[in-house]
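Structural description and commentary
For reference, the chains in residue letters:
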Amino acid sequence: MLAKSYACLKSWDSGPAPIDEIIAQTTFRFRMAYSQRFPFQKIAEDPTTSARRGILNLPHGQVQTPAFMPVGTQGTVKGLTIDQIEATGADIILGNTYHLSLRPGSELIAELGGLHGFMGWDRPILTDSGGFQIFSLGDMTKVSEQGATFKSHLDGSTVHLRPEDSVRIQQELGSDIAMVLDHVVALPAGVDQVRDAMERSLRWAQRCQDSRSRSQQAMFGIVQGGLDPGLRQQSAEGLQRIGFDGYAIGGLSVGEEPAEMYRMLEVVCPVLPTDQPRYLMGVGRPIDLVEGVARGVDMFDCVMPTRNGRNALAFTADGPLRMRNQCHARDESPIEADCPCVACRHSRAYIRHLFQADEMLGPTLLSIHNLTFYQRLMARARQAIERGDYGSFLLDQRRRLMDANAGQEPV
Ligand SMILES: [Zn+2]
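Counting starts from 1 at the beginning of each chain's written sequence and moves along it residue by residue. Where local features are concerned, this predicted model is filtered to residues with pLDDT of at least 70; where side-chain atom pairs are given and counted, the filter is 80 or more; whole-chain, interface and lining totals use all residues. Side-chain measures here rest on the full set of heavy atoms in the structure, leaving out hydrogens and waters.

We call an atom a donor if it is N, O or S and sits within 2.8 Å of the metal, or 3.2 Å for Na, K and Ca. Water is not counted, so some sites may look partial. Taken together, Cys339 (SG), Cys341 (SG), Cys344 (SG) and His369 (ND1) make up the protein donors of the zinc ion, found 2.1 to 2.3 Å from the metal. Each label reflects the angles at the metal, where four donors whose angles all fall between 85 and 135 degrees are tetrahedral, four or six donors whose opposite pairs open beyond 155 degrees and whose other angles stay between 65 and 115 are square planar or octahedral respectively, and the rest are irregular. Here the zinc ion is ringed by four donor atoms whose angles at the metal span 99 to 115 degrees, and the overall shape comes out tetrahedral. Here the donor residues of the zinc ion are spaced in sequence according to C-x1-C-x2-C-x24-H. Placement of the pair is Cys341 in the loop between β17 (321-322) and α14 (348-356) and His369 in helix α15 (residues 361-387), with a sequence separation of 28 residues. Across the pair, exposure class does not vary: Cys341 and His369 are buried alike. Strands are runs of DSSP state E lasting at least two residues, helices are runs of H or I lasting at least four, and both sets are numbered from the N terminus onward. Throughout, exposure labels follow a simple rule: accessible area from a 1.4 Å probe, protein chains only, divided by the maximum for the residue type, with under 20% read as buried, over 50% as exposed, and the rest as partly exposed.

A word on the sheet that holds strand β3 (residues 61-65). Whether two strands pair depends on DSSP finding at least two bridges between them. Strand order across the open sheet formed by three strands is β1-β2-β3, with antiparallel pairing between neighbours. The open sheet terminates on both sides in strands that have one partner only, identified here as β1 (40-45) and β3. On average, each strand axis in the sheet is tilted by 15 degrees relative to the strand beside it, whichever way the strands run. Bridge count between β1 and strand β2 (residues 52-58): five bridges; the pairing is antiparallel. Bridging across to β2, Glu45 finds its partner in Arg52. Most of the contacts of α15 go to β2, to which it runs at about 120 degrees, and overall it touches β1, β2 and β3. Axes here refer to lines fitted to C-alpha atoms; in helices the fit is confined to the stretch in contact. Angles between the N-to-C directions go from 0 to 180 degrees. The contact criterion used is simple: two residues touch if any of their non-hydrogen atoms lie within 4.5 Å.

The step from Arg103 to Pro104 runs through a cis peptide bond, and the omega angle for that step is 10 degrees. Structurally, the position occupied by Pro104 is in the loop between α4 (97-102) and α5 (106-111). Across the junction of Val283 and Gly284, the peptide omega takes the value 0 degrees, indicating a cis bond. Tracing the backbone through its elements, the reader meets Gly284 in the loop between β14 (278-280) and α12 (286-294). In this model, Ala312 sits at a positive phi of 70 degrees, which is unusual for a non-glycine residue. Locating Ala312 in the fold gives a position in the loop between α13 (304-310) and β16 (313-314). Phi at Asp358 takes a positive value of approximately 60 degrees, unusual for a residue other than glycine.

Viewed as axis vectors pointing N to C, α12 and α15 meet at an angle of 25 degrees, and their least axial separation amounts to 11 Å. It follows from the interaxial angle that α12 and α15 lie roughly parallel. For α12 against α15, the interelement crossing comes out right-handed. Of α15, the residues touching α12 (which contributes Pro286, Leu289, Val290 and Val293) are Phe373, Tyr374, Leu377, Met378 and Ile385. Angle categories are assigned with fixed cut-offs, so that under 35 degrees is roughly parallel, over 145 is roughly antiparallel, 65 to 115 is roughly perpendicular, and the rest are oblique. The handedness criterion is simple: a crossing whose near helix is rotated anticlockwise from the far helix by less than a right angle is left-handed, and one whose near helix is rotated clockwise is right-handed.

As a packed pair, helix α11 (residues 258-268) and α12 sit with axes 10 Å apart at the nearest point and diverge in direction by 25 degrees. Taken together, the axes of α11 and α12 lie roughly parallel to each other. As for the relative orientation of α11 and α12, their crossing is right-handed in sense. Residues Pro258, Met261, Tyr262 and Leu265 of α11 form the contact with α12, whose own contacting residues are Ile287, Asp288, Glu291 and Gly292. Throughout, the ten residues Ala, Val, Leu, Ile, Met, Phe, Trp, Tyr, Cys and Pro are labelled nonpolar, Asp, Glu, Lys and Arg are labelled charged, and all others, Gly among them, are labelled polar. Here the residues of the contact of α11 with α12 sort into five nonpolar, one polar and two charged.

So, on to α14. If you check which residues of α14 are buried, you get Arg348, Ala349, Ile351, Arg352, Leu354 and Phe355. Close packing links the buried residues of α14 with α13, β17 and α15.

Further remarks concern the sheet that holds strand β9 (residues 148-151). Ordered by their spatial adjacency, three strands build an open sheet running β8-β9-β10, and the pairing between neighbours is antiparallel. Two strands lie at the open edges of the sheet, namely β8 (141-143) and β10 (158-161), each paired on one side alone. For this sheet, the mean angle separating the axes of adjacent strands, direction not counted, is 15 degrees. Bridge analysis of β8 against β9 gives three bridges, and the strand direction is antiparallel. Bridge assignment links Val143 to a residue of β9, and that residue is Ala148.

What follows is about the pattern of salt bridges. We define a salt bridge as a side-chain nitrogen of Lys or Arg found within 4 Å of a carboxyl oxygen belonging to Asp or Glu. A complete count under the given rule lists 25 salt bridges for this structure. In this structure, Arg207 engages Glu164 in a salt bridge whose closest nitrogen and oxygen atoms are separated by 2.8 Å. Placement of the pair is Arg207 in helix α9 (residues 191-211) and Glu164 in helix α8 (residues 163-173), with a sequence separation of 43 residues. Using a relative accessible area of 25% as the deciding quantity, one classes Glu164 as partly exposed. Arg376 is the partner of Asp338 in a salt bridge, and the nearest nitrogen-oxygen pair spans 3.1 Å. Taken together, the residues span a long stretch of sequence, with Asp338 in the loop between β17 and α14 and Arg376 in helix α15 at a distance of 38 residues. Shared partners join several salt bridges into a network, and the residues in it are Arg162, Asp165, Arg168 and Glu172.

Residues grouped as a nonpolar core are buried Ala, Val, Leu, Ile, Met, Phe, Trp, Tyr and Cys residues, joined through side-chain atoms within 4.5 Å. Counting residues in each nonpolar core, the largest one holds 112 residues, and the members touching the most others are Leu126, Ile177, Met179, Tyr279 and Tyr390. Among the elements that line this core, the one with the most residues is α15, at eleven residues. Not counting residues up to four positions away in its chain, the partners in contact with Tyr390 are Asp46, Thr49, Ala51, Val290, Val293, Ala294, Ala381, Ala384 and Ile385.

Close inspection of predicted coordinates is inappropriate in any region flagged by low pLDDT. The pLDDT value expresses, per residue, how confident the predictor is, ranging between 0 and 100. Of the residues in the chain, 89% have a pLDDT of 70 or more, and the chain-wide mean is 90. Contacts from residues 28-32, a stretch scored under 50 in pLDDT, to residues over four places away or in other chains number 13 contacts.

Here's what the structure looks like:
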């Protein structure tokens, strides 16, 4: 990498160059600067797929990739203590700008040591920008060039969120990774609407980059563009011209078929920098993670393991189990015999009883088990990449997870 950088500087000094070349070299220099501030070490690349094994270095520690990030919307992964989250194997968790800024407020959190001090989690945290929650509010949101205006779901008051506000809030929260504010549209949508939102997202990304002032915080750009390959490519290239510490792929898993999502990953990942992390936002099912890794994604987040856990659905290597079902009433076996989690020290019969009796331990235990399942899946993916046989791991997971999922998709 140093040799590459040197070559770049050499040609820079050797006389006038065409403007395209100057822009390309300038972009490359900025990109080098960003990638070096929060280095992403690539340990291995799979020979037959685009899977990568790496380590992302952040202010509060390292993240082994491919990585799954549990979602801690309100400064808590619902129902779990910080020790329980750590025991599932998570290196990094996600906090939610929209929710935390409305309650208790980012200024109060800043006063109490930032999100790390406030919740007592001393490992890396990523905060989203609020863009997806604004999208989720649907008709209640008005988007203009300046930013988004919406009504608080707590007290109905009017809230303005500009890109600069999102950055300020995330700086007050003190996360390791901040996300740019983006404009997400529901799919299917007309091409003009998708292009407008993508172009606005690029302008907002520039404003986010211009307004940041916290050096100990990485910032990721977010690739938008719906299901249009050309728009996705323009978005990815535009973000790289601005220069970020990593790149996320947003606006997917919002109603399209999985095959369409995979096709977009095949368009976007090859045009993203190879030496910086890639994060697929809000995805997804275990098979989506495995397929995403095969296409070059390094990071994922999703509420699926915890939301499903609270609804009595347990993920296993052979597909999900519905723990309220009568078939578990006398079953003395654990959810998964080889799972090291605390839930698997109990029988399926006991877990079923907790849900039937509406005991709060049931959702806690299944959230722990499901997060442990996702972390073990990522650990196995990392080992497969290191061995150089992610291709056969992928085929095996497709057979197990797709067969098992037929007819009983997770919620
Ligand atoms: Zn378990």
